[in-house]
Amino acid sequence: MGYFDGRTALITGSGSGIGRATARIMAERGANVIVHDLNRAGAEETAELVRKAGRKASVAICDVSDIAAMRNAVAEGEKQFGAIDILVNNAGVPSDRCPLEEVTEEMFERSMRVHVKGTLFTTQAVVPGMKRRMAGKIVNISSIQGTVGYANGATYNGAKAAVLAMAKGWAKELAPWKINVNIVAPGHCLTPMPMSKDSPETIAKKAEGIPFKRYAQPEEMGYAIAYLCSPEADFVTGQVISPNGGYTII
Ligand code: NAP
């Protein structure tokens, strides 16, 4: 039993990393989960974790930026579970990591398509149901790159800042319907995203620059996301929580 009993969460990109940890934590606190991802094997594994926690899971496989497919996934989820009470806009692709002069239109379009277009139109599909019920919790996953910026990360910085700013506007726009919209801006977190780009030695070196001298575990993001989706955060909207081991205070 938990404070998500009877609630259903749609978590995009939850076949891996932060999305998977969030799905498991929410299921342990009572939520049914619509596990969305591009990667079927990963999504099925997450769905199994939700079921092991005693909750219902369904799997939706499509590109988050395919508007028609996401509208379909939302409609299917609402049909199956009766409602989508919680939306976590989490699906993401890594930063391009190159100097400004080397950024291509292709890099720009990929980052904007997945992070900005995906977040905007998935939210657009979920909000009408939340408005009808006069309740809902939405969390956009930004990044410290969207709050303080990184050198050599132009498209990701821009996309993650947009994801953050969209959530702030929606928080104001959707407040009359008692829909909370907040932001989690993760710092360095040990998921396949950084691990596919950096060697263990590079990760250890980067960790030295974090006051806590380590990367986060995905669960440490999941707890912040779950809090913002819980009744404990009913009066919290338009806010950013950035679990980052102190990185942005230096
Ligand atoms: P992850 O383990 O790579 O998980 C991201 C998931 O999103 C993957 O399963 C990926 O599928 C899926 N995905 C990518 N593009 C998609 C698309 N177009 N449609 C549907 N699903 C898609 O990475 P993570 O670290 O958990 O990242 C989760 C979120 O946190 C992202 O928004 C990321 O930008 C943000 N973040 C992460 C960190 C960090 O240090 N890890 C820091 C700041 C912010 P595939 O595996 O098939 O690509």
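For every chain, the first residue of the written sequence is number 1, and numbering continues from 1 along that sequence. Reporting of local features is limited, given that this is a predicted model, to residues whose pLDDT is at least 70; pairs of side-chain atoms are given and counted only at 80 or more, and all residues count toward the totals for whole chains, interfaces and linings. To get the side-chain values, all heavy atoms of the structure are used, and hydrogens and water are removed first.

Asks: Go over the sheet that holds strand E5 (residues 136-141), please, and point to the residues and values.
Replies: Two orientations exist for strands paired in a sheet by backbone hydrogen bonds: parallel and antiparallel. In this description, strands pair whenever DSSP reports at least two bridges between them. Only DSSP runs of H or I reaching four residues or more are called helices, and only runs of E reaching two or more are called strands; each is numbered from the N terminus. Strand order in this open sheet of seven strands is E3-E2-E1-E4-E5-E6-E7, and the pairing throughout is parallel. Edge positions in the sheet fall to strand E3 (57-61) and strand E7 (240-241), since each has one partner strand and no second. Relative to strand E2 (residues 32-37), strand E1 (residues 8-11) is paired through four bridges, and the arrangement is parallel. Bridge pairing in E2 places Ile11 opposite Val35. Each of E2 and E3 touches helix H2 (residues 40-52); the most contacted strand, E3, lies at about 165° to it. Contacting E5, strand E6 (179-184) and E7, helix H6 (residues 154-174) crosses the sheet at an angle of about 160° to E6. The contact rule is simple, with two residues in contact once any of their heavy atoms fall within 4.5 Å. Angles shown run from 0 to 180 degrees and are taken between the N-to-C directions of axes, each axis being a line fitted to C-alpha atoms and, for helices, limited to the stretch in contact.

Asks: Could you give me a rundown of the packing of helix H1 (residues 17-28) against H2, with the residues and numbers involved?
Replies: With their axes 9 Å apart at the nearest point, H1 and H2 run at an angle of 20° to one another. By the angle between their axes, H1 is roughly parallel relative to H2. As H1 runs across H2, the sense of the crossing is right-handed. Each of Arg20, Ala23 and Ala27 in H1 lies in contact with H2, whose residues at this interface are Gly42, Glu45, Thr46, Leu49 and Val50. Residue classes follow a fixed rule: Ala, Val, Leu, Ile, Met, Phe, Trp, Tyr, Cys and Pro count as nonpolar, while Asp, Glu, Lys and Arg count as charged, and any other residue, Gly among them, counts as polar. Residues belonging to the contact of H1 with H2 are distributed by class as follows: four nonpolar, two polar and two charged. In these notes the angle categories are as follows: under 35 degrees is roughly parallel, over 145 is roughly antiparallel, 65 to 115 is roughly perpendicular, and the rest is oblique. Left-handed describes a crossing whose near helix is turned anticlockwise from the far helix by less than a right angle; the clockwise case is right-handed.

Asks: Can you explain the layout of surface pockets? Please cite residues and give values.
Replies: In this analysis, the protein atoms alone were mapped onto a 1 Å grid. Cavities are point sets where a 1.4 Å probe fits without being able to get out; pockets are open sets with protein on both sides within 12 Å along at least five of seven lines; lining residues have an atom within 4 Å of a point. Grid points are joined across faces, edges and corners, and a volume is the space filled by probe spheres set on the points. What the largest pocket holds in volume is close to 1,100 Å³. Going through the elements one at a time, H1, E2, helix H4 (105-133), helix H5 (144-147), H6 and helix H7 (192-195) are the ones with two or more residues in the lining of the largest pocket. It is H4 that contributes the most residues to the lining of the largest pocket, four residues altogether. Of the residues in the lining of the largest pocket, the class split is 18 nonpolar, 18 polar and nine charged.

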